[in-house]
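So the chains spell out like this:
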Amino acid sequence: MSFSFDIKHSESGSLARVGTINTPHGPIQTPAFIPVGTKATVKSVLPEAMKDLGSQALLSNAYHLYLQPGSDVLDEAGGLATFMNWPGPTFTDSGGFQVLSLGVGFKKVLAMDAQTFRRDDVIAGNKDRLAHVDDEGVTFKSHLDGSMHRFTPEVSMQVQHQIGADIMFAFDECTTLHNTRPYQELAMDRTYAWAIRCLDEHKRLTEERIGKPYQALFGVIQGAQYEDLRKKAATELGTLESNGQSFDGFGIGGALDKGQLGTIVSWVNEILPEEKPRHLLGIGAPEDLFVGVENGCDTFDCVLASRIARTSAVYTMEGRFNLSNSRFKRDFAPIDPECDCYTCTHYTRAYMHHVFRGKEIISATLATIHNERFIVRLVDQMRQALLDGNFADMKADFLGRYTHRSGQSRD
Ligand SMILES: [Zn+2]
């Protein structure tokens, strides 16, 4: 089995579409939210529960799995899906973002407001940088044990082939809104050169690893907030072919100014080949997902839903709140009366408040199930609304009620 993307419906008047990504491990109905299991686990939740809550695929991280347990271990295990007992498609990101973000100390989320961000929001205070970029690749120090490592486009492809996810991303240099324009240009040229090397190595490995399921490779569009750079990247990578190999799809990455998200994404998606899927990297706040879908993105991933769940923050149709707040001590309603998840159909806010206050492990499990279901279902509802022809109404209805707007990508 190989890889394909079928578009079922294209919205007139916008870039939105509904389709199916077919992978060797099964289909993904798009638009879709892909929950993140960074180290081959969605923290605190069993794969069966992720399946039950409607997750169609999971995204893991090449950088983390390379350091521990080692990508060769996943190869021996039969690939990422088998290793973690996940009965469906998987993605891995290339490690570029982690190598660089842990290296220079970016905050974990790059989506931020360009109007208000401060230098401290982007670059951490530690002067001992853990990563150094050159034209060949990145040398970095493991955040686990301080050992030195080197990632090049070829190494990233070798690592991702060993991990065996259905969809992989090309190794790119990820910048922040803080970087200067000349640096953004330099990083983009490097990302383009690395894209060619990724395609060549991917082709070589695909031919060498006979009998393995086909792994699709997505190119990553960088260019920060600059229209000309984003369009240049989309034009160049969209049509790039090296030795007969082109990208199977695209990721939109890098620094995304939240206030300009729709504009930036539309610059790119108006240019990228329509017949290939597009993934918006690291975006998962409810209001941002609407923007991504209506501007032509097919899949999304974000750690936010599970990360905030572990701190007692939950999404509901009325907005986001914290279950550890004392006002929930005797509140016997479900987290969200309109939610159909396991947590909401079996537990109350009062119980959730109790387990969070008591620091019980089950608090993370139950809250994560709810948040992941909320976001997965929200994007599923967008897909259905596109098919039913009432996306605009559905969006207005949701955003009219959902009150928590600012700062939520910054956790
Ligand atoms: Zn729920």
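Residues numbered from 1 in each chain as written. Predicted model: local features only at pLDDT ≥ 70, side-chain atom pairs only at ≥ 80, totals over all residues. Heavy atoms only, no water.

1. Some details on the coordination of the zinc ion
(1) Moving on: Coordination of the zinc ion by the protein involves Cys 339 (SG), Cys 341 (SG), Cys 344 (SG) and His 370 (ND1), with metal-donor separations of 2.1 to 2.3 Å.
(2) Moving on: Every donor counted, the four donor atoms about the zinc ion form angles of 96 to 121° at the centre, which fits tetrahedral coordination.
(3) Moving on: Ordering the donors of the zinc ion by residue number gives the pattern C-x1-C-x2-C-x25-H. The burial state of Cys 339 is the same as that of Cys 341; both residues are buried. (Donors = N, O, S within 2.8 Å, 3.2 Å for Na, K, Ca; no water. Tetrahedral: all angles 85-135°; square planar, octahedral: opposite > 155°, others 65-115°. Buried < 20%, exposed > 50% of the residue type's maximum accessible area, 1.4 Å probe, protein only.)

2. A few points about the nonpolar core
(1) Moving on: Counting 96 residues, the largest nonpolar core has Phe 33, Leu 80, Leu 217, Phe 247, Leu 280, Tyr 315 and Met 382 as its most contacted members.
(2) Moving on: Counting residues per element, this core draws most heavily on helix H15 (residues 361–388), at 11 residues.
(3) Moving on: Apart from the residues within four sequence positions on either side, Leu 280 is in contact with Ile 252, Leu 256, Leu 261, Val 265, Gly 292, Cys 297, Thr 299, Phe 300 and Asp 301.
(4) Moving on: Counting residues in each nonpolar core, the second largest holds 15 residues, with Ala 32, Leu 59, Phe 169 and Phe 218 among its members. (Core = buried A, V, L, I, M, F, W, Y, C linked by side-chain atoms within 4.5 Å. Helix = DSSP H or I, 4+ residues; strand = E, 2+ residues; numbered from the N terminus. Contact = heavy atoms within 4.5 Å.)

3. With respect to the sheet that holds strand S10 (residues 167–169)
(1) Moving on: One open sheet holds the eight strands; their spatial order is S4-S16-S15-S14-S11-S10-S6-S5, and the pairing between them is parallel. The sheet is open, and its two edges are formed by strand S4 (32–35) and strand S5 (58–61), each paired on a single side. In this sheet, adjacent strand axes meet at a mean angle of 25° when their direction is disregarded.
(2) Moving on: In this structure, S10 lies alongside strand S11 (residues 216–221), joined through three bridges in parallel fashion. Looking at the pairing, Met 168 lines up with Leu 217 of S11.
(3) Moving on: Together, S11 and strand S14 (249–252) form the strand contacts of helix H9 (residues 227–239), whose direction differs from that of S11 by roughly 155°. (Pairing = 2+ DSSP bridges. Axes fitted to C-alpha atoms, helices over the stretch in contact; angles between N-to-C directions.)

4. Description of the pairing of strand S6 (residues 90–93)
(1) Moving on: What you see with S6 is no split at all: Thr 90 and Thr 92 on one side and Phe 91 and Asp 93 on the other are buried throughout.
(2) Moving on: For S5 and S6, the ladder comprises four bridges, and the chain directions are parallel. Opposite Leu 58, over in S6, you have Thr 90 as the bridge partner.
(3) Moving on: For S6 and S10, the ladder comprises two bridges, and the chain directions are parallel. Residue pairing in the sheet places Thr 92 in a bridge with Met 168 of S10.

5. Quick word on helix H7 (residues 153–163)
(1) Moving on: Residues Pro 153, Ser 156, Met 157, Val 159, Gln 160, His 161 and Ile 163 constitute the buried set of H7.
(2) Moving on: Once H7 finishes, Gly 164 follows within two positions and takes phi at roughly 85°, a positive value.

6. Some points on the confidence of the model for the protein
(1) Moving on: Overall, the prediction assigns the protein a mean pLDDT of 90, with 91% of residues at 70 or greater.
(2) Moving on: Contacts from residues 104–127, a stretch scored under 50 in pLDDT, to residues over four places away or in other chains number 52 contacts.
(3) Moving on: In the predicted structure, residues 405–411 sits below a pLDDT of 50 and forms 24 contacts with residues beyond four places in sequence or in another chain. (pLDDT = per-residue confidence, 0-100.)

7. A look at the sheet that holds strand S3 (residues 26–30)
(1) Moving on: Judged by pairing direction, the sheet is antiparallel, and its three strands sit side by side in the order S1-S2-S3 without closing on themselves. On the outer flanks of this sheet lie strand S1 (4–10) and S3, each paired with one strand and no other. Across the sheet, the axes of successive neighbouring strands diverge by a mean angle of 15°, strand direction being ignored.
(2) Moving on: In the sheet, strand S2 (residues 17–23) pairs with S3 via five bridges, with the strands oriented antiparallel.

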